[in-house]
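Coordinate analysis (summary)
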Amino acid sequence: MELFDVYSLFDVIPTTASGCRIWDDKGTGYLDLYGGHAVISIGHSHPTYIKALTDQVNKIGFYSNSVVNPLQQELSHKLGEVSGYEDYFLFLDNSGAESNENAVKLASFHTGKDRVIAFHRSFHGRTSGAVALTDNPAIVSPFNSHHKVTFCDLGDLAGVEKELSEGDVAAVIIEGIQGCGGIHLPSESFFKGLSELCHKYGAVLILDEVQSGYGRTGMFFAHQWAGIRPDIITMGKGIANGFPCGGILISPAFKAVKGMLGTTFGGNYLAMAAALAVLEVISSEKLVQNAAEVGEYIMKNIPSDPRIKEVRGRGLMIGLDFNVEIASIRKSLLFDKHIFTGVAGKNMIRLLPPLCLSKKEAATFISALKEVLA
Ligand code: PLP
């Protein structure tokens, strides 16, 4: 059997990793500024993380959610403290897409309505329910057309209000920072306005923090820069440093009803051990602060070059927007300088490194980029 060929792959086989570094099967070392789509939050193979997972494997690895799992309670308490959402509830699942689907479902249960407002260029995942929340024709299938989703422009409060005023909207879903769509930051006033409008018309505000959350932007969640408190916050990616895990934070205004949401794997022992280790390391190594500092350093030191139109981002979520296609620049960074980077579209290099990236490692990237551009 062959693999279904839907991903472009670089011919590199990673075999070991530590912190922000990866080594391949030939012994070549790479600096990882992409973290496998932003999933590596505390760094590759962190000793605290490895120990937590190995200790847990030696106790119990998996059991169904029909019995009490104390690790879930421990995680919900710690996450409440670290994120500043102590009064919210936590529901655990397995991925970002699943978190967004659960959030939308919950919003429609809560409001009794079925239309959702999303934003142009957004990305909320690949399952049919999540992909219906994007308008990217390359990834939407005909099956998704049965979902009632309306797309508005990021920043257009009047457009959002026009839709909300029709009275049939269950939820508005927005990314903390648009990631896959090309690192677009909603302004503070847009976030505030959106929050007020959702309140006014009784729609649920869902903040997708799957990519922008968990400390990446220098706040625990990106929307916290705007000082708003959404009704539901969705999480994934860095929550368990690469172990599949997702979850949603739910405001106390929601009433839990048995059977409303469910999961087989969500919140399993191994995912919880991984997620607890992540929170421990984020706090003990002050990684949120580090993301803010090193991110600022990178943004300030990107060389000026006529091909770079704009540098956008916050913390360690950064996009270099070029006015030329970046495929060859990215290849040079990988094969000549041994630095992994990501992309958004054809013109953007996207950086989503582990949150433990040091200034020295960031400086290595800056000088490599200068040389590649020269
Ligand atoms: N939401 C956002 C903002 C994302 O960036 C992604 C993945 O890139 C998802 C949701 C989907 O997450 P997953 O691939 O874990 O389903």
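Treat the numbers as computed from the prediction; the structure is a model and nothing was measured.

To continue, consider the domain arrangement of the protein chain. Segmentation of the protein chain into domains returns domain 1 (14-46 + 286-373) and domain 2 (48-284). Every contact between the two is made by 28 residues of domain 1 and, on the other side, 31 residues of domain 2. Summed over both sides, the interface between domain 1 and domain 2 buries roughly 2500 Å², with carbon and sulfur atoms accounting for 62% of that surface. By the criterion of area lost to domain 2, the three top residues of domain 1 are H46, R314 and M317, representing 28% of everything that side buries. Counting the contacts that link domain 1 with domain 2 gives 0 salt bridges. Here domain 1 is connected to domain 2 by 17 residue pairs in polar contact (both at pLDDT 80 or more). Mapped onto the side of domain 1 that touches domain 2, the elements with two or more residues apiece are α1 (35-38), α9 (287-301), β11 (308-314), β12 (317-322) and β15 (348-351). By residue number, the principal contributor to the side of domain 1 that touches domain 2 is α9, which donates 4 residues. Taken together, the residues of the side of domain 1 that touches domain 2 break down into 16 nonpolar, 8 polar and 4 charged.

What follows covers the layout of surface pockets. In this structure, the second largest pocket occupies an estimated 930 Å³ of space. Together, 32 residues line the second largest pocket, and F89, L90, F91, L92 and A256 are the ones closest to its centre. When contributions to the lining of the second largest pocket are tallied by element, the ones reaching two or more residues are α3 (70-83), β4 (89-93) and β10 (246-250). When residues in the lining of the second largest pocket are grouped by element, the largest group, 7 residues, is from α3. Classifying every residue of the lining of the second largest pocket gives 17 nonpolar, 12 polar and 3 charged.

This brings us to the packing of helix α2 (residues 47-59) against helix α8 (residues 269-284). Two quantities define a packed helix pair, namely the angle between the axes and the distance from one axis to the other. The contact between α2 and α8 brings their axes to 9 Å, and the two run at 155°. Relative to α8, the element α2 lies roughly antiparallel. Between α2 and α8 the crossing geometry is right-handed. The residues of α8 that touch α2, namely those facing T48, Y49, A52, L53, Q56 and V57, are Y269, L270, A273, A274, A277, V278, E280 and V281. Looking at the contact of α2 with α8 residue by residue, the classes come out as 11 nonpolar, 2 polar and 1 charged.

In this section: the nonpolar core. By size, the foremost hydrophobic cluster in this structure holds 77 residues, and its most contacted members are Y214, I298, I329, L357 and F365. In terms of residue count, the dominant contributor to this core is α8 (12 residues). Residues from two domains meet in this core; each of domain 1 (14-46 + 286-373) and domain 2 (48-284) gives at least three. Leave out the neighbours within four places in its chain, and I298 touches L316, I318, L351, L357, A362 and I366. With 18 residues, the next largest nonpolar core counts V204, I232, I248 and M260 among its residues.

Conventions we followed
- Residues numbered from 1 in each chain as written.
- Predicted model: local features only at pLDDT ≥ 70, side-chain atom pairs only at ≥ 80, totals over all residues.
- Heavy atoms only, no water.
- Domains from an automatic or database assignment.
- Contact = heavy atoms within 4.5 Å.
- Buried area = accessible area lost by both parts, 1.4 Å probe.
- Salt bridge = Lys/Arg side-chain N within 4 Å of Asp/Glu carboxyl O.
- Polar contact = N/O pair within 3.5 Å; in protein donor to acceptor, adjacent residues only side chain to side chain.
- Helix = DSSP H or I, 4+ residues; strand = E, 2+ residues; numbered from the N terminus.
- Nonpolar A, V, L, I, M, F, W, Y, C, P; charged D, E, K, R; others polar.
- 1 Å grid on protein atoms, 1.4 Å probe; cavity = no way out; pocket = protein on both sides within 12 Å on 5 of 7 lines; lining within 4 Å.
- Points joined across faces, edges and corners; volume = space filled by probe spheres on them.
- Axes fitted to C-alpha atoms, helices over the stretch in contact; angles between N-to-C directions.
- Parallel < 35°, antiparallel > 145°, perpendicular 65-115°, else oblique.
- Left-handed = near helix turned anticlockwise from the far one by under 90°.
- Core = buried A, V, L, I, M, F, W, Y, C linked by side-chain atoms within 4.5 Å.
- Buried < 20%, exposed > 50% of the residue type's maximum accessible area, 1.4 Å probe, protein only.

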